[in-house]
Structure formats: C-alpha cells, structure tokens
Amino acid sequence: MLKVNNNFLKLAGSYLFTEIAHRVADYKAANPQAPVIKMGIGDVTLPLPKASILAMQKAISEMAHKDSFRGYGPEQGYDFLRNAIAEDYKMNGVQVEADEIFISDGAKSDTGNIGDILSKDCKVALTDPVYPVYVDTNVMAGRAGELQANGMWSNIVYMPCTKDNGFVPSLPKEQVDVIYLCFPNNPTGTTLTKSQLQVFVDYALKNNALILFDAAYECFITEKDVPHSIFELPGARQCAIEFRSYSKMAGFTGTRCGYTVIPKDVVAEEDGQKVSLNKLWLRRQCTKFNGTPYIVQRGAAALYTSEGRQQVRQMADYYLENARIIREALIKAGYEVFGGVNGPYVWAATPNGQSSWDFFDYLLKEKNIVTTPGVGFGPSGEGYIRLSALGSRENTIEAMSRF
Ligand SMILES: *Cc1c(COP(=O)(O)O)cnc(C)c1O
C-alpha cells in the first residue's frame, strides 16, 4: 500500500502568505478603487545590476557557439565564482577556501536541504519569530514533534526574540545539537553584535553543536560592531555553516543563486570516527543537485568586479533609505519600531496590545497598506507586524504619507 511521508500532513494547511493574499483579494474585490500598496512579501523591486546583465549577455553568446558552449558544470559551482567568493572573504579578513564554498540556486534550498546530512535525532533550536523554512523543513524531516496549541512544535527549542530582550536570543536552556541563526534577521530586521554572536559560538563548541548561520541580509549591515560573517569569530570554523544569497543583495530572487560555506573543520562524531560535513554535503549535492546555470554564475561573479560592487552598494543603500523613511514615519506617528538599520525590514509593535492580524486588517482597511502579521513567523511574533523596505521609493513614500 502506498504510504506518504506523513510528516508533511503535520504542516499547517494555510501558508501565511496565502492567507494574506486572500484577505487582500477580498478587500480589493469590495473596494476596487483602493490604492493598496504591498509592503508584505520580501521580494525586491530594483532590476539586476548592470554588471550582472552584461556578464550574463556575454555568457549567453558563449552558449551559442560550439567552442564555448557549456553543458553540465561542476555540481558545487564553477571555480571562477568559488574563487571570487573566497577572495572576497579574504579581503574581509576571513579565512574560507574555495573548496569550502558550494554554489547553489539559493539560500532557501540550502537552508531547507542541509537537514539531509543531519540525524533525525538532532535536537533543533530556533529563534522565534523565524524564517518559516527552518521550521517546516524540520517538520518534514520528522524532527519537530507535534504542533501544540500554543503554536510551538513539541520537539523544537524556541529562543524568543522580542523587545523585552532587545531581540537578542538567550542560549537554549536544554542541550541542543543544531541552532539556526539568521542575522541580520528576517523578520525583525535586527541583528547581533560580535560579542552577542560569540556567546552562541562558544556554546556550540562546548556542546558539540552546529550553528546554521543564515547571512542572506549581510549586504545591509551598516553598523560597525555587527559581524558580516560568522567566520569572523574565533572558533566558528569548528562549529558553523554559513548561507548566503544574491537574492536581496543583487536582485537575484528570480535569477536564483546563492552559496553555502562548510569549513573542513566542522566535523561530527559517528562510532568514534570523525565525519566531515563538507564531504557529506558534497556527496549530497553531487547526488541531488546538478549545478546552478553557467549564465547565472557568470552574473553572480560580475558582482565582485569594481562596477559590480558599486552597483550592489547602491542597491543596498536604496533599500536602506526606504527603511529609514519607514522607521521615521512610524516613529513620528507614535509607533514603537525596531530593525531597518542593518536590514531591509522594519518590525513594528502593534498599538494598545492589538493582535498581529487585527493590526494587519486595520492597516489594510484604513491605510491600504499590506504588511505581514508577526505571528505568522512564530508565537513570539504576536503583537508585531513586518514592513518590507524592498519596494519602490515612490510606493514607500506614498505609503508612509498615510500616517
Ligand atoms: C530571502 C531569504 C533567503 C534567500 O533565499 P533565496 O532562496 O536565496 O532567494 C534566505 N534566508 C532568509 C531568511 C531570507 O529571508
């Protein structure tokens, strides 16, 4: 008899963004003239950097000729891109070798797939609120246990991040094996200083735990004491994997490219033998993944040229200016806001103890602004909403003028 992976049946039926889309569609159907501005989903709006476009056009021409055509590439990515990334780390004083870098089709796939090489018995800790991919992929793998009435999974350890702790998670109270951290954070837009992140590295070293560090928003860091890579911290090469993405950094959300860094020093112990996670991931990728398109990798490599770097900087500055506009408008209107300084999201507390969904409905109906209810990212997101600064300047200014 056919059986399915019944862990999938435990997942919540209605995905957060589906519910938002429904509410927006209902409102628009009843109010077809309403000038609704979407500040909900975290997709980018600026076109690809010119340097990437030129490099991809050149790569397409290469594909048109027998002598320069490329078929299957290396599963772990072309050397030209891996070397450019390793060089970029080096320029920032971080030691990462090219063969510790795995090019992929994005950080969602990698953060979702990394569990393939980890035991089903690993105890997982997450910050709360959190990027839903970390939770759902652990549910699929059977690591999460059962969903409880309080919105938490019985086998996952939650590390709340709220205004009460300044969005700095405390170490898990029970021993865990895997810790997901995303800084600068989606959804809160907040981040950790070096010494705050070091606490987690020290914990991982002491407890033989693994940190899965999602640095998808690294390019938005503006403050000095904020680590751009977890590998800036002593000891991290022994206990951390870092995920990066060109999606928010260079508008690659639809173009698809990212990478994962697994230092050769990260090892697990199995029957008294040391097992390299770098080797396991290589084995996994070579079996289940056939590489990111050559054309796309050329587009990504162009981001490391001086033109590319300049264009990436301009793009990040554009979104950060949106974030500043959002922050200042909301503060002026009397709201309590967080984030938006080192990341493209502003996290606002709902007024008068309203629920996330009630405040979402208020903003939709009274201001015609679509946000994301914080509770959709986890129980500790209740009482907040997320506004994305990844929209156009025009829409951002127009939306904020409504406050
Ligand atoms: C957007 C985002 C990513 C990037 O995903 P891609 O698959 O590379 O587009 C990764 N992690 C977080 C937390 C994100 O918000």
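Let me sum up the structure you'll find in this document. (Residues numbered from 1 in each chain as written. Predicted model: local features only at pLDDT ≥ 70, side-chain atom pairs only at ≥ 80, totals over all residues. Heavy atoms only, no water.)

## Brief notes about the packing of aromatic side chains
Alright, step 1. For the structure shown, the criterion picks out 20 aromatic pairs.
Alright, step 2. Here the aromatic rings of Y217 and Y345 are separated by 5.4 Å at their centres, their planes lie at 70 degrees, and the arrangement is edge-to-face. With a gap of 128 residues between them, Y217 in the loop between β6 (210–214) and β7 (240–245) and Y345 in strand β12 (residues 345–349) connect regions that are remote in the sequence.
Alright, step 3. Since its relative accessible area comes to 1%, Y345 is described here as buried.
Alright, step 4. Put simply, the rings of F167, F338, W347, F377 and Y384 touch in pairs and so form one group of aromatic residues.
Alright, step 5. For the cation-ring pair, R82 lies above F102, with the distance from its terminal atom to the ring centre recorded as 6.0 Å.
Alright, step 6. Over the ring of Y318 we find R393; its NZ or CZ atom is 4.5 Å from the centre of that ring. (Phe/Tyr/Trp six-rings, centres within 6.5 Å; stacked < 30°, edge-to-face > 60°. Helix = DSSP H or I, 4+ residues; strand = E, 2+ residues; numbered from the N terminus. Buried < 20%, exposed > 50% of the residue type's maximum accessible area, 1.4 Å probe, protein only. Lys NZ or Arg CZ within 6 Å of the ring centre and 35° of its normal.)

## Considerations on the sheet that holds β12
Alright, step 1. Spatially, the 4 strands line up as an open sheet ordered β11-β12-β15-β14, and their pairing is antiparallel. Edge strands, defined here as strands with exactly one partner in the open sheet, are β11 (337–339) and β14 (372–373).
Alright, step 2. As paired strands, β11 and β12 are joined by 3 bridges and run antiparallel to one another. Residue pairing across strands places G339 opposite V346, the latter belonging to β12. (Pairing = 2+ DSSP bridges.)

## With respect to helix α3 (residues 79–91)
Helical geometry: 3.6 residues make up each α-helical turn, so side chains three or four residues apart lie on a common side.
Alright, step 1. With 13 residues, α3 extends 18 Å from end C-alpha to end C-alpha; this agrees with the ideal 18 Å at 1.5 Å per step.
Alright, step 2. Within the sequence span of α3, burial applies to L81, R82, A84, I85, A86, D88 and Y89.
Alright, step 3. Taken together, the buried residues of α3 touch β2 (101–104), β7, β8 (258–261), α9 (294–301) and α10 (306–332).
Alright, step 4. One or two residues past the end of α3 sits G93, with phi positive at roughly 75 degrees. (Expected span 1.5 Å × (residues − 1). Contact = heavy atoms within 4.5 Å.)

## Structural notes on the site of the ligand
Alright, step 1. Around the ligand, the surrounding shell holds 14 residues, and the nearest of these are D214, Y217, S247, K248 and R256.
Alright, step 2. Within the side chain of S247, an N or O atom sits 2.6 Å from an oxygen atom of the ligand.
Alright, step 3. When isolated, the ligand has an accessible area of 380 Å², and the protein chains bury 93% of it.
Alright, step 4. Where the shell around the ligand is concerned, the elements lending two or more residues are α4 (107–113) and α7 (247–250). (Near = heavy atom within 4 Å. Polar contact = N/O pair within 3.5 Å; in protein donor to acceptor, adjacent residues only side chain to side chain. Areas by Shrake-Rupley, 256 points an atom, 1.4 Å probe, with all protein chains shown as cover.)

## Topic: the packing of helix α2 (residues 50–63) against α9
Alright, step 1. It is the contact of α2 with α9, at a shortest axis distance of 8 Å, that shows an interaxial angle of 150 degrees. Looking at the two axes, α2 sits roughly antiparallel to α9. Handedness of the α2/α9 crossing: right-handed. Residues S52, A55, M56, A59, I60, E62 and M63 of α2 lie in contact with α9, whose contacting residues are Y294, I295, V296, R298 and G299. (Axes fitted to C-alpha atoms, helices over the stretch in contact; angles between N-to-C directions. Parallel < 35°, antiparallel > 145°, perpendicular 65-115°, else oblique. Left-handed = near helix turned anticlockwise from the far one by under 90°.)

## Topic: the packing of α10 against helix α12 (residues 393–401)
Alright, step 1. Here α10 crosses α12 at 0 degrees, and the two axes come no closer than 10 Å. Compared by their axis directions, α10 and α12 come out roughly parallel. Mapping the contact onto sequence places Y318, E321, N322, I325, I326, A329 and L330 in α10 and R393, T396, I397 and M400 in α12.

## Considerations on the environment of N155
Alright, step 1. Residue placement: N155 occurs in the loop between α5 (132–140) and β4 (156–160).
Alright, step 2. Separated by 53 residues in sequence, N155 and F102 have C-alpha atoms that sit 30 Å apart.
Alright, step 3. For N155, the contacting residues outside a window of four places in its chain are K123, V124, R143, A144 and G145.
Alright, step 4. A polar contact is formed between the side chain of N155 and the backbone oxygen of R143, at a distance of 3.4 Å.

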